[in-house]
Structures are given as C-alpha cells and as structure tokens.
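# Remarks on the overall topology
For reference, the chains in residue letters:
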Amino acid sequence: MNKELEHQFVTNLEKHQNIAHKICRIYTNDQESHNDLFQEITIQLWKAYPKFRGDSKFSTWMYRVALNTAITLYRKKKRSIRTQDYDTVHFKIKAEEYDDEAERHLKLMYDAIKQLNDIDKALVFLYLEDKNYAEISYTLGISEVNARVKMNRVKTKLKNIINP
Amino acid sequence: MDDLDLLKQDWKKQEKNLPHLSYDEIYKMIWKRSSSIVKWIFVISILEFLLGAVLNIFLADEEYWQQMEKYQLTEFTIIVYIVSYLITFYFIYRFYKNYQSISTTDSASRLMKNILKTRKTVKYYIGFILISSGVVFLITVFLMIRNHAVESADNANMEFDATQWLIFIGGTLLALGLLLGVIWLIYRVVYGILLKRLLKNYKELKKLEME
C-alpha cells in the first residue's frame, strides 16, 4: 500500500472535513446518521482518491464526490427519512446571538430545507456555500444554464414552504 | 432574497459549531467497512447457534428421547450434540478472533490477509456443517437399519427383499442429497452475501495497492 498516498489523503481530508460535516448537517437529522454519512463519505472519497490527480483543488473535488455520495445514499432511503421526525439538534442556535423572532424564522427555514428532495438540498447547500454557477455545474454534473434554472426553482420552493 | 441571505449568514456562523475529527479518527475510518462485515459474520454465527439451541430444546422433548431410546440412538444423539456444540463454539471463537483482528488492523496488506482468512474460516464452517449433517444422517440411517434387522429377526414379515433394499437405499440417498442441498443453499444466502462484499473490499484494496 502506498503509505504516502494514505497520508496525503488523510491530511487533506482532515483539513477540509468541514465540507463533509456541513453536507451531513443538510442531509441528516441526528448525530448517529451524521456520523454514518460522514464515514460513508470518507470511504467514497478514499476509494475515488487514486483518480484524483490534482487537476482541481482537493476541496473542489471533495464537494463533488461527497455531495454525490449523500445524494446517492439519500435517494436509496428517501422514504424512511421523509417520514422521520427530525429533531433540530443540528441547528441549535445560540439564544444570545439572536432575538426570538429571527431565531424562529431561521429554524423555519432549516426545517424547510429538510423537506426538500436530494438534489434540491444539494443546490441549497451549494448556494449557502457561496458557490458560483460554474462550480455548481461542475459539482453536480449539470450545465450552468440548468443549474441556474434549478436554483431559481428551489428558491421559489423554499419560499412557498416558509410562507404558504 | 432576504430570507436566504439571512440563512447564508447564519450558515457561516454555524461553521464554528461543527465537529472536528482528528487525523487518527479519519485514518481509522478508511478501514472500517470490512470490520463491520466481519462483525456481522460473527453476530450471525451466534444467532444461528442460539436458534439451533432453542430448536433443540423445543424439539427434543420426552417423546423424542423415547423415540431415540426405541432405536437405541440415545447415546449417539448425545455424543453428536456435544461434539457439534464444541465445534460450533470453536468456530464462533474463530469468527470473534477474526473480527477482533480486522477491527484493529491498520495496514492494507494485513487487512487483505485478514479478509482472506475470514473467508476461509466461513468456508470451513460451511464445509463442517455439510459434512457433519451428511455423516450424522448416514449414521442414523445405519443404526436404524441395524436395529430394524434385530427386530425383523423375530418377525419374518418385516424382512426386505432386494428390490425393497434398492428402493430404500435410493430413497435414503435422495433424501440426503436434498437435505445437503437445502443446507448449502441456506448458508450460501446467509453468508454468501457477506463473503461477496468482503471479496469486493479485498479487490478494491488490491486495486489501491496497484496504483
């Protein structure tokens, strides 16, 4: 086994692990599923790592592989997740930082995101991460025009969920 | 859109609340998957053992032992139980050892070796089940024939002629074949899936090593 490759990979992943954690927050509802998804993402990244030749940044590549892992996994068990009660343990917002009204509103939006489908969640995630359309198109493997159209639809969808 | 901008701000603030894993924790994760498969093999072997024990307790009632007494199979049955439990315990122990060694493995080549070892143990286990089932079946039939012969010495009506023997032996072999076939099939399904996954992991590891 190429020890050097191993070391390189783990170092990179340790540095960029926030990306995976944030994806877990969007896609899972409790700590246990968060850890499961994180581990699955790690394994998929490691499996794909030999193909990563460094033409792009590690983080860019990681967004793509990790997000696709979440989408695939989520798609498999879509129903079980949708009917689950989601507690909002992940989105505990510190009371001192927000007034009640804003806090309630944010919680409402996070809840709304949880109701979206796998692809829409990915889009919202990339939006929150401040990715431009070129990056979104690369990450999700769709055209830029398509990404733009989809993003607008998701925004409308979110709006409708929050203000029915 | 104001709402989404607010959300974006909050999203950035939340970043400092994210968990952080150490280098070692991530390193270990790379090897986790095989260990969970081997854990399942261990768990299934215990469940299977428990199921067998429960079935034995419920099926081996007084009537059963009377029946055995009649065919003079009591001693033989007890010996079979003891021996098969001992061997089963041995395999459960081996499965446990395999699980332990795989979950503490930290290098790919050792992991690959352990995967091969685990696959081998499972194959031996299935082999043991098949051979022991066959042997027990044949010995039981043999002992029953012997006792039958003793009984029929007093009663001429119970004597078999050549064709009857042929039918009897043919029927016995057919039943044996069916029994072993069914057992083999069940084990193929139960362990086959896990073994296949292990093999897949093994191949992936090998590919990584080639890179």
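What you are looking at is a predicted structure, and each value in this text was computed from that prediction instead of being measured.

Procedures and definitions
Residues numbered from 1 in each chain as written. Chains lettered and ligands numbered in written order. Predicted model: local features only at pLDDT ≥ 70, side-chain atom pairs only at ≥ 80, totals over all residues. Helix = DSSP H or I, 4+ residues; strand = E, 2+ residues; numbered from the N terminus. Buried ≥ 20, exposed ≤ 12 C-beta atoms within 10 Å, placed from the backbone. Contact = placed C-beta atoms within 7 Å. Axes fitted to C-alpha atoms, helices over the stretch in contact; angles between N-to-C directions. Parallel < 35°, antiparallel > 145°, perpendicular 65-115°, else oblique. Nonpolar A, V, L, I, M, F, W, Y, C, P; charged D, E, K, R; others polar. pLDDT = per-residue confidence, 0-100. Core = buried A, V, L, I, M, F, W, Y, C linked by C-beta atoms within 7 Å.

Bringing the overall build of chain B into the picture now. Looking only at helices and strands, chain B features seven helices and zero strands. Reading the helices (α) and strands (β) of chain B from amino to carboxyl end gives α-α-α-α-α-α-α. For chain B, the proportion of its 211 residues judged to be buried stands at 14%. When contacts within chain B are restricted to residue pairs at least 6 apart in sequence, those whose partners lie at least 24 apart make up 82%.

Turning our attention to the packing of helix H6 (residues 118–128) of chain A against helix H8 (residues 144–162) of chain A. For any two helices packed against each other, one specifies the inter-axial angle together with the distance between the axes. All names here are of chain A. Across the interface, H6 lies against H8 with an axial gap of 10 Å and an inter-helix angle of 95°. Overall, the two elements H6 and H8 adopt an arrangement that is roughly perpendicular. Where H6 approaches H8, its residues Asp120, Leu123, Val124 and Tyr127 are matched on the opposing element by Lys150, Met151, Val154 and Lys157. Considered class by class, the residues forming the contact of H6 with H8 number five nonpolar, no polar and three charged.

So, about the confidence of the model for chain A. On average, residues of chain A score 82 in pLDDT, and 84% of them reach the 70 mark or higher. Here residues 79–95 of chain A is a poorly scored stretch, pLDDT under 50, and it has 17 contacts once near neighbours within four places are set aside; other chains count.

Ranked by size, the top nonpolar core spans 58 residues in total, and within it Ile23(A), Leu45(A), Ala66(A) and Ala70(A) carry the most contacts. Sequence-distant contacts of Leu45(A), that is, excluding residues within four places in its chain, are made with Leu13(A), Met62(A), Val65(A) and Ala66(A).

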